[in-house]
Amino acid sequence: MSDPIKADKVMDLKGLPCPMPVVKVSKGIKEVQVGQVIEALTTDPGALTDFPAWARTSGNEILKTDQDGGVIKIYIKRLK
Amino acid sequence: MAAELEVIEQQIAAMKEQLAELSGRVQENKLSTVVFSGDLDRVLASFIIATGAVAMGMEVVMFFTFWGISVLRDKNKNAGEKDLMGKMFGAMLPKGAGSVKLSKMNMGGMGTTMMKTLMKKKNVASLDQMIELAGELGVQIYVCEMSMDLMEFKREEMIDYPNMSFCGVAKFLEEAMHSKIQLFI
């Protein structure tokens, strides 16, 4: 059991479908410092494949993905 | 010694030439789309891809031509003087994102109304909202001058969009040549 990840910013994107979760996080990540972490909450099942694709392309890192019922929690670390 | 220098100078000149040619061919991290269709579903897909591409760190350029231009008309603006054909075209073509129809299952407008209700229910952004978002994200819109002229659309009847200009096919081709992705929708 790893330590819980401490998020510097939480973004509640529940109920928003494609492309909003990725669009909003790509804006939100500019509001945290490099090395800081965003916790994104989404109900879009597409996010499970979209966020890793976005992170690979934008050069950021998905630290962890949790799924609790219909809510997906994604921890994203700003790398650059 | 002087001869050697001359050879080096010639080589540098040749390299500069090659470099200039190569930089003209470099693909930027850019998406170019042609929005030819004026159908609600197709144009919505265009804007979802465009805004998604900005999120992925890409520069985005959209070229609106033919039927696509109807989407960019502002329903609250008046075009001013037009001749009879222009007036007829203007009246028959959709005026703005709110009045475009689905490419399938329109069923005299019923299908489109149902789709819009569903979109609202499922929180899918409307076409108007997507255009506004694209503007905020810096998506560049070019409008085909020839189609504008053909359909007698006036610049004064276009929506207020922050990055909109008017161009011809060469501008699109230049952008497309430098884009990693080009789509025709």
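Keep in mind it's a predicted model, so treat the numbers as computed, not measured. (Residues numbered from 1 in each chain as written. Chains lettered and ligands numbered in written order. Predicted model: local features only at pLDDT ≥ 70, side-chain atom pairs only at ≥ 80, totals over all residues. Heavy atoms only, no water.)

*Asks:* Got a minute to help me understand the overall build of chain A in this structure?
*Replies:* Counting secondary structure elements, chain A contains two helices and four strands. Across chain A, helices and strands are ordered from the amino to the carboxyl terminus as β-α-β-α-β-β. Computed over the C-alpha atoms, the radius of gyration of chain A is 11 Å, within 12% of the 12 Å expected from 2.2 N^0.38 for a compact globule of 80 residues. Dimensions along the principal axes, computed over C-alpha positions, put chain A at roughly 30 × 30 × 20 Å. Relative to its 80 residues, chain A shows a buried fraction of 39%. Within chain A, residue pairs in contact and separated by at least 24 positions form 62% of the contacts whose partners lie at least 6 positions apart. When the accessible surface of chain A is split by element, carbon and sulfur atoms take 51% of a total near 4400 Å². With 12 positive and 10 negative side-chain charges, chain A shows a spacing of 7 Å between the two charge centroids. (Helix = DSSP H or I, 4+ residues; strand = E, 2+ residues; numbered from the N terminus. Rg over C-alpha atoms; globule rule 2.2 N^0.38 Å. Buried < 20%, exposed > 50% of the residue type's maximum accessible area, 1.4 Å probe, protein only. Contact = heavy atoms within 4.5 Å. Areas by Shrake-Rupley, 256 points an atom, 1.4 Å probe, with all protein chains shown as cover. Lys, Arg positive; Asp, Glu negative; His and termini not counted. Charge placed at Lys NZ, Arg CZ, Asp CG, Glu CD.)

*Asks:* Just to check I follow, could you spell out the confidence of the model for chain A for this structure?
*Replies:* Atomic detail in the predicted coordinates should be set aside for any region of low pLDDT. Taken residue by residue, chain A gives an average pLDDT of 91. The fraction at 70 or more is 98%. Taking the mean pLDDT of every element in chain A, the minimum, 90, falls on helix α2 (residues 47-58) of chain A and the maximum, 96, on strand β2 (residues 37-42) of chain A. (pLDDT = per-residue confidence, 0-100.)

*Asks:* Explanation requested: the sheet that holds strand β3 (residues 140-144) of chain B in the structure shown.
*Replies:* Remark on secondary structure: sheet strands pair via backbone hydrogen bonds, oriented parallel or antiparallel. Residue and element names in this part refer to chain B. Taken in spatial order, the five strands line up as β4-β3-β2-β1-β5 in an open sheet, and their pairing is parallel. Pairing within the sheet leaves two strands with one partner each, and these edge strands are β4 (164-167) and β5 (179-184). For this sheet, the mean angle separating the axes of adjacent strands, direction not counted, is 20°. For β3 and β4, the ladder comprises four bridges, and the chain directions are parallel. Looking at the pairing, Cys 144 lines up with Cys 167 of β4. Sitting on the sheet, helix α2 (residues 40-55) touches β1 (28-35), β2 (59-64), β3 and β5, and the angle it makes with β2 is about 160°. Against the sheet, helix α7 (residues 169-177) engages β1, β2, β3, β4 and β5, with an angle of about 140° to β1. (Pairing = 2+ DSSP bridges. Axes fitted to C-alpha atoms, helices over the stretch in contact; angles between N-to-C directions.)

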